[in-house]
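Remarks on the overall topology
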Amino acid sequence: MSRGYWQSLKRDLEAPIEARGFGTGWFAGFFAIVLAMAGLCFVAALRWPEWFAMPELAKLRDMQGFRPFVHLTLLGAYALALLSLLLRPRKALGGTELVLALAASILGGAAVQPRETHDWGVFFGVDFFAVNMIATGLMFAPIERIFPHLAKQRLFRTEWREDLFYYLVSSMLVQFITFLALAPSSYVNTHFGWLDHTRSAVGSLPWQVQFLLAMILTDLAQYWFHRLFHRVPFLWGFHAVHHSAKAMDWLAGARMHFVEIVLLRGVTSLPLLTLGFAPSVMQAYVGMVYVYASLVHANLRGDFNVLGKFVVVPRFHHWHHAIEAEGVDKNFAIHFPILDRLFGTHYFPDSQWPTGYGVPESVPNGYLAQMKYPFVRQQG
């Protein structure tokens, strides 16, 4: 596709708020592209399950209603794309959605059958990306519009493409990331047999107690991990990528260097996988964290002066990303602010929000440049 086409698509997606009113076709175009992308991912996962599907989601794909759901998703994409083409003077948005939906249909649509492939034992989780995008995006995008902290911040704000690409890559590489992240806990389980009594004791606790204990232990581990990445100059180069986002919304949390993702998940998995927590507790915790990470980065109003003393709320974490000196190296906790109080890193002034976000250094734009940044960064 020509550079002119991509520029036209970019202008259409980043149209000013005044040009996004009801009847302009912008919302039809936006939801059409979400449905078309999700439909294409689902069809690819059904057609080449060995390459593009997570084994853990096999039960979802085999459900009786899944293929009708995929069919309705593609029909909805077609209908909304045509509506956008009719209503909008610019056709790049609607045309893109039609191409995505047509590609999914050409691949076989909802009736697609698996094709034999050479299974290398490696897969790319496009179905995981689609499920995440639908579940998280359609959850937070509307509530950020209804209850925004910054009402003028657009859905397709500056740098949204980079953050969506981070979201895609971390979803597609979920197998590789998980393999690396589980290595420490696998080693502990193999070589530390003296933990067997601890595992039995933890496994015998009530489910609710296990879940709360999992939150406390992972938060304690992540607090010191997080603080270490702020204090060690070389490690800060990786974390600076996450902090380089100049706007906060549900998608900003996805911007994280590959190395930090692996190390963070490795640290998080240690208490969960080595201390005998029930599998259902671990699954519930992981699901909660996916939503919670989007929540604390979200562009949502609400000071929560009282609630924020007990659990991390968006304003608390926004101060962690603040450009102001008062917020630098503060608020490392993921769930419980009491950790920051205990260790002297708490900052949560009543009803005050940061005036901006980012880092004082020049982190480059673009996924590949940011992946390289920690290794070429000049340490101060």
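As the structure is a prediction and not an experimental result, all values here were calculated from the model.

In this section: unusual backbone geometry. Here the phi dihedral of F304 falls at roughly 50 degrees; this positive angle occurs in a residue that is not glycine. Even without glycine at this site, D329 takes up a positive phi of about 55 degrees. Within the fold, D329 resides in the loop between α16 (314-320) and α17 (338-342).

Between its terminal C-alpha atoms helix α14 (residues 258-274) stretches 24 Å, which fits the 24 Å expected from 17 residues at 1.5 Å a residue. For α14, the full list of buried residues reads E260, I261, V262, L264, G266, T268, S269, P271, L272 and T274. One or two residues past the end of α14 sits G276, with phi positive at roughly 90 degrees.

What follows concerns the nonpolar core. Core analysis: the biggest nonpolar cluster contains 33 residues, and F30, L155, F156, Y166 and W250 have the highest contact counts within it. Among the elements of the structure, α1 (3-13), α2 (26-47), α6 (92-106), α7 (126-146), α8 (160-172), α13 (233-243) and α18 (367-376) are those that each provide at least two residues to this core. Among the nonpolar cores identified, the runner-up in size contains 24 residues, and V202, F211, M282 and V312 belong to it.

What follows deals with the packing of helix α10 (residues 183-191) against α14. Two elements in contact, α10 and α14, have axes separated by 8 Å at closest approach and are oriented at 35 degrees. Between α10 and α14 lies a crossing whose hand is right-handed. Residues P184, S185, V188 and N189 of α10 form the contact with α14, whose own contacting residues are S269, L270, L273 and T274. Of the residues assigned to the contact of α10 with α14, the class counts are four nonpolar, four polar and no charged.

Rules and cut-offs
Residues numbered from 1 in each chain as written. Predicted model: local features only at pLDDT ≥ 70, side-chain atom pairs only at ≥ 80, totals over all residues. Heavy atoms only, no water. Helix = DSSP H or I, 4+ residues; strand = E, 2+ residues; numbered from the N terminus. Expected span 1.5 Å × (residues − 1). Buried < 20%, exposed > 50% of the residue type's maximum accessible area, 1.4 Å probe, protein only. Core = buried A, V, L, I, M, F, W, Y, C linked by side-chain atoms within 4.5 Å. Axes fitted to C-alpha atoms, helices over the stretch in contact; angles between N-to-C directions. Left-handed = near helix turned anticlockwise from the far one by under 90°. Contact = heavy atoms within 4.5 Å. Nonpolar A, V, L, I, M, F, W, Y, C, P; charged D, E, K, R; others polar.

Read these as layout, nothing more, since geometry by itself doesn't imply function.
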